[in-house]
Amino acid sequence: MASLLDPTARGRVILVGAGPGDPGLLTVRAVEALRVADVLVHDGLVDPRVLGLAPQAHRISVAKQRSKHTLPQDAINALIVAHVKTGAIVVRLKGGDPFIFGRGGEEVEAVREAGLPVEVIPGVSAALGCAAEAMLPLTHRDHSSAVSFVAGQCKGLTEQNWSGLAGKGRTLVIYMGVATADAISEKLMGEGVAPDMPVAVLERGTLEGHRALRTLLADLGPMVAREKVLSPAVIVVGDVVQLADAEDKLARWAQAVEVMS
C-alpha cells in the first residue's frame, strides 16, 4: 500500500501533531505533510511559523477557547470529510500530539466512517516539550516511576477520579488547568496529597515569553492569580518539580502555612 504522503494519492486526511509551539520540534514527516497539503484545518494555538510551512494550502481555523468554540466537534468532522471528498489532501493540524487531549481519535473515527483514508503523524506533546524546556524530568529513579495525564476542565473536575495519581513516587501532569487551579489544589489535597507537594506551572512552553514557575500545592491557585498566568500552560505535580529550572514563586514558608490554614 502506498504511503498517504504519496503525491499521486488524492483525497485523504493527515492528522499532524504540531508540537508545543516551536516549529523546530516538528517531525520531518510533519513538515512533509504540510508541504503537500491542499487544505489546512488548524487549531488556534498553532504557531504562525508552523502555518507558514504550508503557504500553498487554503487555511481554515477551528480555534477553540474556554467556553467558546468556533465550530463544534461534529461540524469540524463534517468539514474535514467534505473537503476530502473533493479530492483534496486535508492536513488536520493540532497543537501537541493529536491523540493527547486533541480529539484526534474522534476525527479518525469520523473519517473512517466516511470510508476515506487517514494517517496520523504524532507530535511532541505539550507536557513533554514544556517539561524538557524547563529541565523537569517527568520520571526519575529517585523521585517518580509513574506519570499520569489529566485534563483540568474536561467534563468537570467533580466527574474525574484522580485518586492515587499524585503523591510520593508519582508525577501528575494537568492540561487546561489554569482557570481551575484553585479547584485542582483543593481536589488533590482532599484526596490526600500533601499541601507542601511541589508544583510547577509551565506557561507558553517552547514559545517566546515562556515561564516555568514553582510553588507548593496549597499555593497553586493564589500563585496563578498573583503571577497572572495565562493559557496555554501545563501544571506538573510531584517531587520531580524540585529538579526543574524554575522560578520559585512561594514568597516565604509563612505564606504557605497561611494558605493551608
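Residues numbered from 1 in each chain as written. Predicted model: local features only at pLDDT ≥ 70, side-chain atom pairs only at ≥ 80, totals over all residues. Heavy atoms only, no water.

Quick look at the side chain of Thr171 now. Mapped onto the secondary structure, Thr171 falls in strand 9 (residues 169–175). At a separation of 2.8 Å, a polar atom in the side chain of Thr171 contacts the side chain of Ser144. In contact with Thr171, not counting residues within four places along its chain, are Leu138, Ser144, Ala146, Val147, Ser148, Leu165, Val236, Val237 and Val240. (Helix = DSSP H or I, 4+ residues; strand = E, 2+ residues; numbered from the N terminus. Polar contact = N/O pair within 3.5 Å; in protein donor to acceptor, adjacent residues only side chain to side chain. Contact = heavy atoms within 4.5 Å.)

Taken residue by residue, helix 1 (residues 28–36) has Ala30, Val31, Ala33 and Leu34 as its buried positions. In an axial view of helix 1, the angular spread of the buried residues amounts to 160 degrees, which keeps them on one side of the axis. Summarising the geometry of helix 1, the exposed residues directed more than 90 degrees from the buried face are Val28 and Arg35. In this fold, the buried residues of helix 1 make contact with strand 1 (12–17), strand 2 (39–42), helix 2 (48–51), strand 6 (89–94) and strand 7 (118–121). (Buried < 20%, exposed > 50% of the residue type's maximum accessible area, 1.4 Å probe, protein only. Arc of directions from axis to C-beta.)

Let's shift gears to the sheet that holds strand 13 (residues 247–248). Here we have 6 strands laid out as an open sheet, ordered 8-9-12-10-11-13, and mixed in their pairing. Unpaired on one side and paired on the other, strand 8 (144–151) and strand 13 mark the two borders of the sheet. Here strand 9 pairs with strand 12 (residues 233–237) via 4 bridges, running antiparallel. Looking at strand 12, one finds that Leu172 is bridged to Val237. The strands touched by helix 5 (residues 126–133) within the sheet are strand 8, strand 9, strand 10 (198–203) and strand 12, with strand 9 carrying the most contacts at an inclination of about 115 degrees. (Pairing = 2+ DSSP bridges. Axes fitted to C-alpha atoms, helices over the stretch in contact; angles between N-to-C directions.)

Turning next to the environment of Ile235. Relative to the helices and strands, Ile235 is located in strand 12. Separated by 108 residues in sequence, Ile235 and Ala127 place their C-alpha atoms 8.7 Å apart. In this structure, Ile235 is in contact with Leu172, Val173, Ile174, Gly177, Val178, Ile184, Val199, Ala200, Val201 and Leu220, ignoring residues within four places of it in sequence.

On to the confidence of the model for the protein. Residue-level pLDDT values for the protein average 90, and 89% of them are 70 or greater. Per-element confidence in the protein is highest for strand 10, whose mean pLDDT is 98, and lowest for helix 8 (residues 253–260), whose mean pLDDT is 50. (pLDDT = per-residue confidence, 0-100.)

For the coordinates displayed, the defined rule picks out 13 salt bridges. Ionic pairing is found between Asp248 and Arg214, a salt bridge with its closest N-O pair at 2.7 Å. Of this pair, Asp248 sits in strand 13 while Arg214 sits in strand 11 (residues 211–216); the two residues are 34 residues apart in sequence, bridging distant segments of the chain. Using a relative accessible area of 57% as the deciding quantity, one classes Asp248 as exposed. A salt bridge links Glu227 to Lys249; its shortest N-O distance comes to 3.8 Å. (Salt bridge = Lys/Arg side-chain N within 4 Å of Asp/Glu carboxyl O.)

Attention now moves to the packing of helix 3 (residues 73–84) against helix 4 (residues 104–113). At a minimum axis distance of 10 Å, the contact between helix 3 and helix 4 shows a crossing angle of 45 degrees. Comparing their axes, helix 4 and helix 3 come out oblique. Like other packed secondary-structure pairs, helix 3 and helix 4 cross with a definite hand, here right-handed. Contacts between helix 3 and helix 4 involve Gln73, Ile76, Asn77, Ile80 and Val81 from the former and Glu106, Glu107, Ala110 and Val111 from the latter. Class assignment of the residues belonging to the contact of helix 3 with helix 4 gives a composition of 5 nonpolar, 2 polar and 2 charged. (Parallel < 35°, antiparallel > 145°, perpendicular 65-115°, else oblique. Left-handed = near helix turned anticlockwise from the far one by under 90°. Nonpolar A, V, L, I, M, F, W, Y, C, P; charged D, E, K, R; others polar.)

Okay, the pairing of strand 12 next. The element strand 12 is extensively covered by neighbouring structure, given that 5 of its 5 residues are classed as buried. Neither face of strand 12 is left uncovered, since the one carrying Ala233, Ile235 and Val237 and the one carrying Val234 and Val236 both have all their residues buried. With 5 bridges connecting them, strand 10 and strand 12 associate as antiparallel partners. By the bridge assignment, Val201 is partnered in strand 12 with Ile235.

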